[in-house]
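Per-entry structural report
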Amino acid sequence: MNPDLPNVDAALLHPVDPERLFPAQRATHAPRILLLYGSVRERSYSRLLTEEAARLLRTLGAEARIFDPRGLPMPDAAPDDHPKVAELRTLAQWAEGMVWTSPERHGAMTGILKMQIDWIPLSVGAVRPTQGKTLAVMEVSGGSQSFNAVNQMRVLGRWMRMVTIPNQSSVAKAFLEFDEAGRMKPSSYYERVVDVMEELVKFTLLTRSGVAYLVDRYSERRESAQALSQRVNQRSL
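Each value, and the rule that gives it
Residues numbered from 1 in each chain as written. Predicted model: local features only at pLDDT ≥ 70, side-chain atom pairs only at ≥ 80, totals over all residues. Heavy atoms only, no water. Core = buried A, V, L, I, M, F, W, Y, C linked by side-chain atoms within 4.5 Å. Buried < 20%, exposed > 50% of the residue type's maximum accessible area, 1.4 Å probe, protein only. Helix = DSSP H or I, 4+ residues; strand = E, 2+ residues; numbered from the N terminus. Contact = heavy atoms within 4.5 Å. Salt bridge = Lys/Arg side-chain N within 4 Å of Asp/Glu carboxyl O. Polar contact = N/O pair within 3.5 Å; in protein donor to acceptor, adjacent residues only side chain to side chain. Lys, Arg positive; Asp, Glu negative; His and termini not counted. Axes fitted to C-alpha atoms, helices over the stretch in contact; angles between N-to-C directions. Parallel < 35°, antiparallel > 145°, perpendicular 65-115°, else oblique. Left-handed = near helix turned anticlockwise from the far one by under 90°. Nonpolar A, V, L, I, M, F, W, Y, C, P; charged D, E, K, R; others polar.

1. Some remarks on the nonpolar core
Residues Leu 36, Met 98, Trp 100 and Met 153 are the most contacted members of the largest nonpolar core, which totals 26 residues. When contributions to this core are tallied by element, the ones reaching two or more residues are strand E1 (32-37), helix H3 (83-94), strand E3 (97-103), helix H4 (111-119), strand E4 (134-140) and helix H5 (148-159). Of all the elements, H3 adds the most residues to this core, at 5 residues. Excluding its chain neighbours within four sequence positions, the residues that come into contact with Leu 36 are Thr 50, Phe 67, Leu 88, Val 99, Trp 100, Thr 101, Leu 113, Gln 116 and Ile 120. In terms of nonpolar packing, the next biggest core, distinct from the first, is built from 25 residues, Leu 56, Leu 57, Ala 136 and Phe 178 among them.

Written out as structure tokens, the structure reads:
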């Protein structure tokens, strides 16, 4: 026992190991990024922004997949093996990072985006589908620039135990920022989207190989040790 830390189990609190945090054997495949958007309108600006982000991610060397929320049932209104639910959960486990893009509606993110996030469980057996994965957040607004939706998504990202990157994008008056073909026009808004996607790829490359160690927590190690001790003691009775 460490006399300075009498409430800490010294056997389970270790100095940080740089070799485990930055292992010599690092993943070499393209970073896997899942993109979610929060509107099903025919001309959805959150979808157009998501498609623009996916193009940038692919140019930056990532593998980007966009989930189409159409047909996804309300949370708890369908079983977990519903085709759209199963598709979303499979993509969430596949991804090493995510992009969440929502319109701001009534000062908040949309229910369509929140519904997708709600279908992603905090755990599947012993696997946490989102823990330690990177996240970028973006929003589109019909009026002046706002940050309500991205701020909400940051809270959700923390709750899902994700590494939310510092940069973010908020596109004001989005109806003016896309041409008839659905491509984003040159602007400072567009350059911010480029910045965000570049940063997301960098953070994903930085963290993905050491993510198991990055999210290895003292409290969970202690809980696991206690659970193991209880099982052993029960068998010996």
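2. A word on the pattern of salt bridges
Under the definition given, this model contains 12 salt bridges. Here Arg 55 makes a salt bridge to Glu 52, at a shortest N to O gap of 3.1 Å. Of this pair, Arg 55 and Glu 52 both sit in helix H2 (residues 45-59), 3 residues apart, which is roughly one turn of that helix. For Arg 55, a relative accessible area of 31% gives the class partly exposed. A relative accessible area of 2% places Glu 52 in the buried class.

3. As for the side chain of Gln 168
Among the structural elements, Gln 168 can be located in the loop between strand E5 (163-164) and strand E6 (169-171). Using a relative accessible area of 14% as the deciding quantity, one classes Gln 168 as buried. A polar contact is formed between the side chain of Gln 168 and the side chain of Arg 154, at a distance of 2.8 Å. With residues near it in sequence (within four places) discarded, Gln 168 still touches Val 137, Phe 147, Val 150, Arg 154, Arg 192 and Val 196.

4. Here's the deal with H4
If you check which residues of H4 are buried, you get Leu 113, Met 115, Gln 116, Ile 117 and Trp 119. Looking at the buried side of H4, the elements it contacts are E1, H3, E3 and H5.

5. Comments concerning the environment of Ala 54
Positionally, Ala 54 belongs in helix H2. Between the alpha carbons of Ala 54 and Asp 4 there is a distance of 51 Å; along the sequence they are 50 residues apart.

6. Describing the side chain of Glu 177
In this structure, Glu 177 sits in the loop between E6 and helix H6 (188-207). One buried charged residue, Glu 177, forms no salt bridge at all, with the nearest opposite charge on Lys 185 at 6.9 Å. Of the polar contacts made by the side chain of Glu 177, one reaches the side chain of Ser 187; its length is 3.4 Å.

7. Re the packing of H2 against H6
The interhelical angle for the contact between H2 and H6, taken along N-to-C directions, is 50°, at an axis separation of 10 Å. When the axes of H2 and H6 are compared, the pair comes out oblique. When you trace H2 past H6, the crossing you get is right-handed. Counting all contacts with H2, which are made through Leu 49, Glu 52, Ala 53, Leu 56 and Leu 57, the residues of H6 involved are Tyr 190, Val 193, Val 194, Met 197, Leu 200 and Val 201. Each residue belonging to the contact of H2 with H6 can be placed in one class, and the counts come to 10 nonpolar, no polar and 1 charged.

8. What to know about unusual backbone geometry
Despite not being glycine, Asp 76 shows a phi value in the positive range, around 75°. Tracing the backbone through its elements, the reader meets Asp 76 in the loop between strand E2 (63-66) and H3. Exposure remark for Asp 76: the relative accessible area of 79% places this residue in the exposed category.

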